[in-house]
Amino acid sequence: MATTNKKENGSSSNVFIIAGVALLVFVAYSMFLGYRLYDQLTGTYNDVQRSLVDVSTIKDNLLMVNRDVLMIISGTGSVEDNVHEISSCFDDIEDCMKDYEAVEGREEKELRRYTQAKTFINAYHEKIQSFQAQFMEGTQMNEGLNLDLATAQVLYTQELQPLQITALEMFDAAKDIGQTNSDKQISNVYQVLNLFMVLMLVALVGGETAIIIIARIAKAQSAKLDKREKELEAFDSKLKVSKRKMNEMAIMNILTGMKNRYAMDEEVGNRLESDNFCVTMLDIDNFRQINDIYGYDFGDEFLGMVSDKLKEEFGNDAEIYNIQGNQFCMVFHDEIASSQAMRLSERALQVMNNVYTISNIGLQLSATGSFYNYHARECANLSAMLVKMIAGIRQGKSRGGNVLITVM
Amino acid sequence: MNRNKRIFDRAAVCAMAFSLVFASGCGAQKEESHGKITVIVKSQDPYWDSVKKGADEAADELGYSIDWQAPANEDVPQNSFVEKAVHDGTKAILVAPSVAEGLEDSFKMASDSEIPVLAIDTDIDSEFKESCLATNQDAAGGIAARQTIQLLPDGGEIAVMGHMQDSPTAIGRFEGFFVNLPHTNTTNFSLPSGYNDTNVLDSETAAAVSGSGTPVFDLVDIRFCDNNADLAAEGTKEMLKEHPDIRVIYCTNQTSTVGVGRAIDELGYKDRVQVVGFDSSDEEIGFVQAGVLDGIVVQNPYNMGYLGVRYAVKSINGYSIPSGIDTGATFVTKDNLENPEVQMLLHPENY
């Protein structure tokens, strides 16, 4: 039983360890996953932001270039200033393109649009440069016909503007693809995040359930254990009671409720070596006849009544033993002097000589006693002492009974 | 007890496995299509392949599919295609009109069903058209004209090989070219109906322009090949026989350019006659490399398809779009053939 208990305790603690380790792994993994998602999200956001800024700066600059070209061909403002602004705009565009290209992991389609846009930008830039060269040459020659304003306007609408518009559109497309991709990525991340939350919830509910189940099992087990312990205790006390009863039965006469000869041996045997005391043996005369005439039950009843009377009368002065059927021994307490003990013994004979009524039958039986004023070391054991005293009883009975004989 | 432990272990293992699967496999969902966009072009000429490529790519990027409709040739009426697309529940229609009139009713039908209609490649006069993405013919002609002036600093006789007499593109390119080219019309031939030449210089002006260093050209002939390269080649040979002093032949589309190129190549006149063509087939590129063609005006059909679909989707989503943009044209010669922007026009699939 104890082994089984130990085993079960062992397996339940294993479950807790496994649950603990699993929870630890799960939490660590969740943290890793969460961190990864967060990283991904911020990365994507940053890239999108950066690309948007780059593309919108490029577009702004393209529009500015367009405005400057228009100013040049409409003859507004200083040509030099406009030319200068155009070249600084293209520097800006160049920077933005470098920045845009620095972002890694772009999708192939987006890069493709970007490359197309870039090719258009470069073609546009070259065209503007040749346009400037022609125009400047014309202005420097003052009245030169290399590029009059009308031709410049035609060149602008026919050759420059389509390139600029196409470049703008392609940048737009690249931006849109990037945006769509990042939207997709972000929505993917959110999807993962949602699933992750659901998973966490499931894990939490599962964990809680597991803990509740385990706790319940543990509780049930401990209740079982308590019950067993109580059963054991009850059993134990029962055992004690029976043992005590058995012990009592060993040293008591069941019929009279008095201590028997074994008890006397236990209690008096030790004193023989050292103590002086008075002891009287009483034997009911002709008791056998009662059994023969009225039956054993009747005899037993009679013995019971006699012993009750003796206990009642002399229980305070002596320890009374029922050493055998109709034989009683009174071991007087130390404070009772031998003369008093003698008197009490005689009175005991009288008490026993009384009429006892059992089932409306009055019965009177005499008794014979032997009185022994014992001195230390007179007898080696109780048996020897009892032999002496039985000899006294025999002596008394041979005289006709109902007499107290003193033995030495 | 043991059973509970097993359940708990399994639950823990499952949870881990699930989270791993979710964490790694989330990128792989299929994208749903928002619908189809119908693109109706003029014919099955290879020129339209680039338009299709651009349209397909834009549709792919924006989550649409392309319903490609290419009639057998330019004579097939396109209104039935438009009507069918409307019936089929298309989301937008891109059409390259092969005629200037006759599509209005079908456009109205699309417009009534709230389907945006956009013209690509060729503009069409319609109150239901939302936008037009095409090469501005004036601009394309202008580019060709300015390059022609640079190729021939001394001027000379000039002839035109048109692809179809009543084609709007042929008319547009003719006018765009000649409005930007200082020229005279000295020979006794009358322009075909529908063709106007508003820039014929009188002799005085021509002399003044010539005196200032800009070449002046004499328009001597104009012919049409009905979109047949063989006819164009034949016509070229005849023109050159009649007018042996022709210095420049201007061609208005791919087939006419190819035909003229073949004739010049056969005659071995590549150093004697300058050919300014239109569009870019592999044969034309070969002629440019060989010096048979001195320059070709290359449009951007890829962008027409690409931006056309982008604009269509913008319109579907309720954004306003420009009423028209010039997708641009580039003059391609032997010198700039290898430039990235030219290569991108010729081979958009590589960029």
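What counts, and at which threshold
Residues numbered from 1 in each chain as written. Chains lettered and ligands numbered in written order. Predicted model: local features only at pLDDT ≥ 70, side-chain atom pairs only at ≥ 80, totals over all residues. Helix = DSSP H or I, 4+ residues; strand = E, 2+ residues; numbered from the N terminus. Buried ≥ 20, exposed ≤ 12 C-beta atoms within 10 Å, placed from the backbone. Contact = placed C-beta atoms within 7 Å. Expected span 1.5 Å × (residues − 1). Pairing = 2+ DSSP bridges. Axes fitted to C-alpha atoms, helices over the stretch in contact; angles between N-to-C directions. pLDDT = per-residue confidence, 0-100. Parallel < 35°, antiparallel > 145°, perpendicular 65-115°, else oblique. Left-handed = near helix turned anticlockwise from the far one by under 90°. Nonpolar A, V, L, I, M, F, W, Y, C, P; charged D, E, K, R; others polar.

To continue, consider the overall build of chain B. Counting secondary structure elements, chain B contains 12 helices and 13 strands. Split into buried and exposed, the 351 residues of chain B put 50% on the buried side. Across chain B, every contact between residues at least 6 apart in sequence was considered, and the portion connecting residues at least 24 apart equals 72%.

So, on to helix α5 (residues 137-151) of chain B. With 15 residues, α5(B) extends 21 Å from end C-alpha to end C-alpha; this agrees with the ideal 21 Å at 1.5 Å per step. Where α5(B) is concerned, the buried positions are Gln137(B), Ala139(B), Ala140(B), Gly141(B), Gly142(B), Ile143(B), Ala144(B), Ala145(B) and Thr148(B).

The subject of this paragraph is unusual backbone geometry. In this structure, Asn286(A) is a non-glycine residue whose phi angle is positive, near 55°. On the secondary structure map, Asn286(A) appears in the loop between β1 (277-284) and α6 (287-294). Residue classification places Asn286(A) among the partly exposed positions, given that 13 C-beta atoms sit within 10 Å. With phi around 70°, Asp279(B) is a residue other than glycine that occupies positive phi space. Structurally, Asp279(B) is set in the loop between β10 (274-278) and α10 (282-290). The exposure class assigned to Asp279(B) is buried, which follows from the 25 C-beta atoms found within 10 Å.

Attention shifts here to the sheet that holds strand β1 (residues 36-40) of chain B. Residue and element names in this part refer to chain B. Pairing is parallel in the open sheet, where 6 strands are placed in the order β2-β1-β3-β4-β5-β12. If you trace the sheet from one side to the other, it starts and ends with β2 (65-69) and β12 (325-326), each paired once. Of the strands in this sheet, β1, β2, β3 (92-95) and β4 (117-121) are in contact with helix α2 (residues 47-62), which crosses β2 at around 160°.

A few words on the confidence of the model for chain B. Detailed conclusions should not be drawn from predicted coordinates in areas where pLDDT is low. In the predicted model, chain B carries a mean pLDDT of 86, and 90% of its residues have values of at least 70. For this predicted complex, the interface confidence score (ipTM) comes to 0.80, while the overall pTM stands at 0.66.

This part is about the packing of α5(B) against helix α6 (residues 168-179) of chain B. Residue and element names in this part refer to chain B. Taken N-terminus to C-terminus, the directions of α5 and α6 make an angle of 45°; their axes are 7 Å apart at the nearest point. As far as their axial angle goes, α6 and α5 are oblique. Crossing angle aside, the handedness with which α5 passes α6 is right-handed. Where α5 abuts α6, its residues Gln137, Asp138, Ala139, Ala140, Gly141, Gly142, Ala144 and Ala145 lie against Thr169, Gly172, Arg173, Glu175, Gly176, Phe177 and Val179. Of the residues in the contact of α5 with α6, the class split is 6 nonpolar, 6 polar and 3 charged.

Of note, Ile120(B) is situated in strand β4. Excluding anything up to four places from it in sequence, Ile120(B) contacts Val51(B), Leu94(B), Ala96(B), Leu133(B), Ala134(B), Met304(B), Gly305(B) and Gly308(B).

Residues and elements named next belong to chain B. Pairing in this open sheet of 7 strands is mixed, and the strands run β7-β8-β6-β9-β10-β11-β13 from one edge to the other. Looking at strand neighbours, the two that pair on one side only are β7 (183-184) and β13 (330-332), the edges of this open sheet. Running at roughly 155° to strand β6 (residues 156-162), helix α8 (residues 229-242) makes contact with β6, β8 (217-224) and β9 (246-251) of the sheet.

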